[in-house]
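Coordinate analysis (summary)
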Amino acid sequence: MTSSARERWRRVQAVCERLEAVPSSSRLERLLELESDPDVQREAIALLQAIEDEARACREHLPSHLAADPGGLPTEIGGVRIEARI
């Protein structure tokens, strides 16, 4: 990877990290404030969409007891409900 490609990827990552907490409806406006390069903007939008798609697919395909717990730990094992961590 060339130094310019590394720098571009670093910028895409930095923009995405700052936009992840921004509501989807406000992301485009915030993106335009953070980054002026249209190519970096496009890549950031594509990466954020891929992250959202992956999260949605995980929620849809995980067993309900795993999907309900954002930590990914089961709330029940073999019919025994887990109350708390020790």
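None of these values were measured; they are calculated from a predicted model.

Tallying each qualifying case throughout the model produces eight salt bridges. When the shortest N-O distance is used, the salt bridge between Arg-11 and Asp-37 registers 3.8 Å. Pair noted here: Arg-11 is in helix α1 (residues 3-19) and Asp-37 is in the loop between α2 (24-34) and α3 (38-61), with a separation of 26 residues, a long-range link. Since its relative accessible area comes to 25%, Arg-11 is described here as partly exposed. A salt bridge links Glu-33 to Arg-30, with the shortest nitrogen-to-oxygen separation between them at 3.0 Å. Of this pair, Glu-33 and Arg-30 both sit in helix α2, three residues apart, which is roughly one turn of the helix. With relative accessibility at 28%, the residue Arg-30 sits in the partly exposed group. In the salt-bridge network here, residues are joined through shared partners; they are Arg-11, Glu-35 and Asp-37.

Attention shifts here to the packing of α2 against α3. Running from N to C, α2 and α3 cross one another at 155°; their axes reach a closest spacing of 11 Å. Between α2 and α3, the crossing angle belongs to the class labelled roughly antiparallel. The two elements α2 and α3 cross, and the hand of that crossing is right-handed. The residues of α3 that touch α2, namely those facing Ser-24, Arg-27, Leu-28, Leu-31 and Leu-32, are Gln-41, Ala-44, Ile-45, Leu-48 and Glu-52. Taken together, the residues of the contact of α2 with α3 break down into six nonpolar, two polar and two charged.

Over its 24 residues, α3 runs 34 Å from end to end, which matches the ideal 34 Å to within 8%, given 1.5 Å per residue. Of the residues making up α3, those classed as buried are Val-40, Gln-41, Ala-44 and Leu-48. The N-terminus of α3 is capped by Asp-37, whose side-chain oxygen sits 2.7 Å from the backbone nitrogen of Asp-39.

This brings us to the confidence of the model for the chain. Of all residues in the chain, 85% attain a pLDDT of 70 or more, and the chain-wide mean is 84. Per-element confidence in the chain ranges from a low mean pLDDT of 57 for helix α4 (residues 64-67) to a high of 94 for α1.

Reading guide: rules and limits
- Residues numbered from 1 in each chain as written.
- Predicted model: local features only at pLDDT ≥ 70, side-chain atom pairs only at ≥ 80, totals over all residues.
- Heavy atoms only, no water.
- Salt bridge = Lys/Arg side-chain N within 4 Å of Asp/Glu carboxyl O.
- Helix = DSSP H or I, 4+ residues; strand = E, 2+ residues; numbered from the N terminus.
- Buried < 20%, exposed > 50% of the residue type's maximum accessible area, 1.4 Å probe, protein only.
- Axes fitted to C-alpha atoms, helices over the stretch in contact; angles between N-to-C directions.
- Parallel < 35°, antiparallel > 145°, perpendicular 65-115°, else oblique.
- Left-handed = near helix turned anticlockwise from the far one by under 90°.
- Contact = heavy atoms within 4.5 Å.
- Nonpolar A, V, L, I, M, F, W, Y, C, P; charged D, E, K, R; others polar.
- Expected span 1.5 Å × (residues − 1).
- Polar contact = N/O pair within 3.5 Å; in protein donor to acceptor, adjacent residues only side chain to side chain.
- pLDDT = per-residue confidence, 0-100.

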